[in-house]
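Residue-level listing of the chains:
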Amino acid sequence: MKQIPSRYNPQEVEKKLYEKWQGEGLFHVESGSSEKPFTIVIPPPNVTGILHMGHALNNTIQDILIRWKKMQGFASLWVPGTDHAGIATQNVVEKKLAREGKTRNDLGREKFVEEAWKWREEYGSAIVAQLKRLGASCDWERMRFTMDKGLSSAVLEAFVQLYGRGLIYRGNYIINWCPRCQTALSDEEAPHVETEGKLYYIRYPFKEAPCSMLKAEGVVVATTRPETMLGDVAVAVNPKDKRYKKLIGKKLILPIMGREIEVIADDFVDKEFGTGAVKVTPAHDPNDFEISKRHNLEPIKVMAPDGKMNENAGSYNGKDRFDAREGIIKELEEQGFLVKIEKHHHAVGHCYRCHTAIEPYLSLQWFVSMKELARPAIEAVKKGKIKFHPKRWTKVYLNWMENIRDWCISRQIWWGHRIPVYYCRGCMETGMRKSKIQNPKSKTMQGVIVSKIKPEKCPDCGSNNIYQDDDVLDTWFSSWLWPFSTLGWPEKTKDLEYFYPTSVLVTAPEILFFWVARMIMAGMEFTGEIPFRDVYLHGTVRDLTGKKMSKSLGNIIDPIDIINEFGTDALRYSMMAITATGQDVFLSKEKFEIGRNFANKIWNASRFVLMNIGDQIHRVGAPEAHLRGVLSLADKWILSRLNKTIAAVTKALEQYRFNEAESLIYDFFWHDFCDWYVEMVKPQLIQRNTEYEIRNTEQILIHVLEASLKLLHPFMPFVTEAVWQNVKERKSIMVEKWPEPDKKLIKKKIEADVDIIKNIITGIRNVRANMNIPHSNRLNVYIAPLKKKEEAILGGGIEYIKNLARVEELIIDKDAKKPEASASLVLEGFNIFIPLKGVIDIEKETVRLTKKTEEIKIKLGFSEKRLKDKNFTKKAPEKIVKQEREKSEKLKEQMERTRETLRSLS
RNA sequence: GGGCGGUUGGCGCAGUUGGUUAGCGCGUCACGUUGACAUCGUGAAGGUCACUGGUUCGAGUCCAGUACCGCCCACCA
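*Asks:* Help me understand the protein's contact with RNA strand B in this model?
*Replies:* Taken together, 62 residues sit near RNA strand B, with Asp270, Arg607, Trp670, His775 and Lys887 positioned nearest. Sugar and phosphate atoms form 64% of the subset of RNA strand B atoms that lie within 4 Å of the protein. Alanine 222 places a main-chain nitrogen or oxygen 3.2 Å from a sugar or linking oxygen of RNA strand B. The separation between a base nitrogen of RNA strand B and a polar side-chain atom of lysine 601 is 2.9 Å. The biggest single contributor to the surface near RNA strand B is helix H19 (residues 592-613), with 10 residues. For the surface near RNA strand B, a count of residues per class yields 22 nonpolar, 18 polar and 22 charged.

Printed below as a string of structure tokens:
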């Protein structure tokens, strides 16, 4: 008999098993190794990142799918990798330098990038190691990094292609500027945060007061950012606004600056908001910029890239933007130009990396023209080639895509893919400088060379005085190529041909626009195909108060801590169990006990089976081949339940209903298998007197255990493998075949019969507990089946009742009369009496039965009312009506018997 | 301003096409160390499914509206 510890110890097995899997190459997949490929590309975590619960959830889901599909016989490939995470990594490296008292400028570009690479070498593998602890079955031989040679070449290729199609342009526009990171950001990188701000009303006096002009000696404008007024070039009103009609064309004096500005008319202005007059600051507001273009006004920048006011800001030059705001308000007030200040609730963009309030800022950047790219990506989803799970995200996706705006892709940082654009100084002297805003449609421009490699000399003028654009590309410009760049694109590789399009993308809705939408566009544009068929969007991991788990909030639960304390399987199982499809996950440490306890249960149930029949395991195989004679009721029942469970778990997985799959197998394994089947067959195992029965029981125990382990393996890879290896020396459970349901073995009648037996047992146990009858005290029980049907059911269940309800003698007699001083059970089809002379507590029993009577009464009333309703009997399906009649009759019978018993007690 | 999600026993949550008695985990109470497991077993208590109205023979489930909580999007300064 095998010696197996009575507790599952994850620490002891996890590392060993992972090394075994990896060592045996079980994660590696070659193209063409099966008829059917199944592919997932990992959402690449940031190289600087450490594993958080979001990753744990995300990667657990992927691993479940990958392992499940592998067992189903697919060439199941999970491509791992990491993202260089431009701004995030640059910030981290800069912080490290700061600790050494240095800035990036002290090092210079080349040295700084070297530092960043060093950082990656040192810390970039941390997250990979953590993914391994999570059990991730990635094909590590295919590890990718967004700044790898191959992927970098994909980035260049994509840029050059888009430029060639006229879909990339450079121009001066208002972009989101982070004064702390000192770079441009895309709209997605500057999420709006609801802020309680102020609305300042400022009076701009007339240069020459129009005679009839009211008491107001000027025009009052409202603004949330008064410091930008220094850059005002006009005041705009709605041309239809009667209040201001006469003022159009009048001159105003800009306070503080003393600049002369004009009142202009523009449809954009909302008459209802503020005063109906808008200060126009083209260099610091996107709408004002548009207005200025329509009216040919020259923008004036009053701020420097670091968020401090510049030389155009007069005396405020060099002051921080928020200090300047205060100063300006004070000055305006002193000079009598400040009319009032109102509280104002509005949404302000913030840098998604450092949370600094972004500044809308006029600057020269590169953009991708998105409308044309969006069209096929919208089609692909509308036609159902790509499906979102849950479905509701389809609408969110389409809505964003249909209102898509151009994508600012240049970043003023050093860590990333340098923009493959070169400028010729010779040509710049002449042409380029004069036209700052380049026409998006024009494909080429003199002195601007877009090339994957640095050109020797300018194709226009032959000069070799050439330099590369300083900027790097948005991190997401490499991410959006991920599903095919990782498989070799732009090369036409075998992998690309075989594994692409990928099967499913698993990610968080937070990056639906950042990443998912853009991958679909890139896929359609560069490969002409969808990048994946299904998109599964899981929820956000939150703490119990509903706050998103984040480092800055300090409410993090570290997955590695959980793994150390509860085990990887506990982490995985618990997280999936409490997560309904696509719903947010609310975590607390205690919740991991669910998984830990379940893993231990699996361990112990297996331990029980092995301890009892481990020495006969060689005789065990597929049950059909070895079963002999007649199967017991319990045998047939557990096989029926098993096959039902196999079918249901598989279906749930197909629908991405992970929590349902888990709970199905949890209920089956714990409640059906452990609580009932194992308990039912225990005596047979211990006695070992009937060769046939023992053999069948052994076969079935092992068969059900193994099938359960297989069903559990994708969710709990370690404990299932540990048990698998305990059974006998053999290959990994990873390569076992996913069970298929045998419909012939699913038997309704058997399950119903066992339910009745279980009810009898529970009923007797109930009486025992109620009367405080000790376990050692075996009782005699009289059962009088009311009809032949019931008698037949009892036949197969006598032993189970005797053993599980601690019954000494079970007297089955359909004419059995109630013995003196007995408790009586109220069950459908049976009269059950438990003689309890000297033990029975008449009072307690009366209370118990009275309560039962009340319950039955309520149900019966409801049922009878229903049956009296002609609408019901006429309109409801016959089957339902018949059911209701039967139910009513049974209830009446029960009622009768319970009352009878009650009478006899008093 | 638009869109989405949630509201089910003390707590945390399931509940797929409307159909017997609304499930699960934790917690609570009682009993228990019976030859896998106290990370366990047995039994019990605990719910007018947020509210209002509608459709239907029948609604936790479908429809309309309301309230509260949360999220996403949006160029009203």
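Once the structure has been displayed, the description carries forward.
*Asks:* Got a minute to help me understand the sheet that holds strand S19 (residues 448-450) in this structure?
*Replies:* Picture the strands of a sheet paired through backbone hydrogen bonds; they go either parallel or antiparallel. Spatial strand order, S19-S18-S20: three strands in an open sheet with antiparallel pairing. Each having just a single partner strand, S19 and strand S20 (466-468) make up the two edges of the open sheet. Ignoring strand direction, the axes of neighbouring strands in this sheet form an average angle of 30°. With three bridges joining them, strand S18 (residues 421-424) and S20 adopt antiparallel strand pairing. Along S20, the bridge assignment pairs cysteine 424 with isoleucine 466.

*Asks:* What is the right way to read helix H8 (residues 286-294) from this model?
*Replies:* Every α-helical turn comprises 3.6 residues, leaving residues that sit three or four positions apart pointing alike. The set of residues buried in H8 consists of Asp288, Phe289, Ile291 and Ser292. Each buried residue of H8 sits inside an arc of 160° when the element is viewed along its axis, so together they form one side. Packing partners of the buried residues in H8 comprise strand S5 (168-178), strand S9 (234-237), strand S11 (259-265), strand S12 (277-280) and strand S14 (359-368). Measuring from the side-chain oxygen of the N-cap residue of H8 to the backbone nitrogen of asparagine 287 gives 2.8 Å; that N-cap residue is aspartate 285.

*Asks:* How should the sheet that holds strand S8 (residues 218-223) be read in this particular structure?
*Replies:* Ordered in space as S8-S7-S13, the three strands form an open sheet in which the pairing is antiparallel. Looking along the sheet, the strands with just one partner apiece sit at the ends: S8 and strand S13 (338-349). Between one strand axis and the next, the sheet turns through 20° on average, direction left out of account. Where strand S7 (residues 192-205) and S8 come together, six bridges link them in antiparallel fashion. By the bridge assignment for S8, proline 205 is matched with glycine 218.

*Asks:* Even after reading the chapter, I still don't get the nonpolar core, so can you show me in this structure?
*Replies:* One broad rule of soluble globular proteins: the nonpolar side chains tend to lie buried together. Within the largest apolar cluster, 199 residues are counted, with the highest numbers of intra-cluster contacts made by Met53 and Phe477. For this core, the element with the most residues is helix H22 (residues 658-687), which contributes 14 residues. Grouped together as the second largest cluster of nonpolar side chains are 48 residues, Ile174, Phe289, Ile300 and Ala324 included.

*Asks:* How do you make sense of the packing of aromatic side chains when you look at a structure like this?
*Replies:* Describing an aromatic ring pair means giving the distance of the ring centres and the angle of the ring planes. Within the structure shown, the criterion is met by 45 aromatic pairs. Taken together, a centroid distance of 5.0 Å and an interplanar angle of 85° make the contact between tryptophan 407 and tryptophan 480 edge-to-face. Here tryptophan 407, found in strand S16 (residues 407-408), pairs with tryptophan 480, found in the loop between helix H13 (476-479) and helix H14 (482-485); they are 73 residues apart in sequence, far enough to count as distant. Comparing tryptophan 407 with tryptophan 480 shows no difference in burial state: the two are buried. Taking 6.3 Å as the distance between ring centres and 75° as the angle between the ring planes, the aromatic pair formed by phenylalanine 598 and phenylalanine 669 counts as edge-to-face. Of the two residues, phenylalanine 598 sits in helix H19 while phenylalanine 669 sits in helix H22, which places them 71 residues apart along the sequence. The exposure classification of phenylalanine 598 matches that of phenylalanine 669, with both residues buried. Aromatic rings pair up to connect Phe159, Tyr163, Trp366, Trp407, Phe477, Trp480, Phe484, Trp489, Tyr500 and Phe526 into one cluster. Geometry around tryptophan 68 places lysine 69 over its ring, the cationic atom sitting 4.4 Å from the centre.

*Asks:* Would you take a moment to explain the packing of helix H11 (residues 393-402) against helix H16 (residues 512-527) for this structure?
*Replies:* What describes two packed helices is the angle between their axes and the distance between those same axes. H16 packs onto H11 with a crossing angle of 75° between their chain directions and a minimal axis gap of 11 Å. One finds that H11 runs roughly perpendicular with respect to H16. Facing H11, whose interface residues are Trp393, Val396, Tyr397, Trp400 and Met401, H16 presents Leu512, Phe513, Ala517, Ile520 and Met521. Its residues placed into classes, the contact of H11 with H16 shows 10 nonpolar, no polar and no charged.

*Asks:* Looking at this structure, how should I read unusual backbone geometry?
*Replies:* The phi angle of most residues is negative, glycine excepted, and most peptide bonds adopt the trans form. That bond from tryptophan 489 to proline 490 is cis: its omega, 10°, falls within 30 degrees of zero. By secondary structure assignment, the location of proline 490 is in the loop between H14 and helix H15 (494-499). Cis geometry is adopted by the peptide bond preceding proline 501, which originates at tyrosine 500 and carries an omega value of 0°. Note that proline 501 resides in the loop between H15 and strand S22 (502-507). Backbone geometry places asparagine 296, a non-glycine residue, at a positive phi of 55°. Note that asparagine 296 resides in the loop between H8 and helix H9 (321-334).

*Asks:* Explain the packing of helix H3 (residues 86-99) against helix H5 (residues 109-123) here, please?
*Replies:* Where H3 contacts H5, the axes come no closer than 10 Å and their chain directions differ by 100°. Judged by the angle between their axes, H3 and H5 are roughly perpendicular. Contacts between H3 and H5 pair Gln90, Val92, Val93, Glu94, Lys96 and Leu97 from the former with Phe112, Glu115, Ala116 and Trp119 from the latter.

*Asks:* What is the right way to read empty space enclosed by the protein from this model?
*Replies:* Take a probe with the size of a water molecule and roll it over the atoms, and the empty space left behind shows itself. The tally for this structure, following the rule as stated, stands at three cavities of 30 Å³ or more. The space that makes up the largest cavity amounts to roughly 50 Å³. Surrounding the largest cavity, Ala85, Gly86, Ile87, Ala88, Glu189, Tyr352, Arg353, Arg411, Ile413, Leu473, Asp474 and Thr475 form its lining. Sorting elements by how many residues they give to the lining of the largest cavity places H3 first, with three residues. Its residues assigned to classes, the lining of the largest cavity comprises six nonpolar, two polar and four charged.

Scoring rules and cut-offs
- Residues numbered from 1 in each chain as written.
- Chains lettered and ligands numbered in written order.
- Predicted model: local features only at pLDDT ≥ 70, side-chain atom pairs only at ≥ 80, totals over all residues.
- Heavy atoms only, no water.
- Near = heavy atom within 4 Å.
- Polar contact = N/O pair within 3.5 Å; in protein donor to acceptor, adjacent residues only side chain to side chain.
- Helix = DSSP H or I, 4+ residues; strand = E, 2+ residues; numbered from the N terminus.
- Nonpolar A, V, L, I, M, F, W, Y, C, P; charged D, E, K, R; others polar.
- Pairing = 2+ DSSP bridges.
- Axes fitted to C-alpha atoms, helices over the stretch in contact; angles between N-to-C directions.
- Buried < 20%, exposed > 50% of the residue type's maximum accessible area, 1.4 Å probe, protein only.
- Arc of directions from axis to C-beta.
- Contact = heavy atoms within 4.5 Å.
- Core = buried A, V, L, I, M, F, W, Y, C linked by side-chain atoms within 4.5 Å.
- Phe/Tyr/Trp six-rings, centres within 6.5 Å; stacked < 30°, edge-to-face > 60°.
- Lys NZ or Arg CZ within 6 Å of the ring centre and 35° of its normal.
- Parallel < 35°, antiparallel > 145°, perpendicular 65-115°, else oblique.
- 1 Å grid on protein atoms, 1.4 Å probe; cavity = no way out; pocket = protein on both sides within 12 Å on 5 of 7 lines; lining within 4 Å.
- Points joined across faces, edges and corners; volume = space filled by probe spheres on them.

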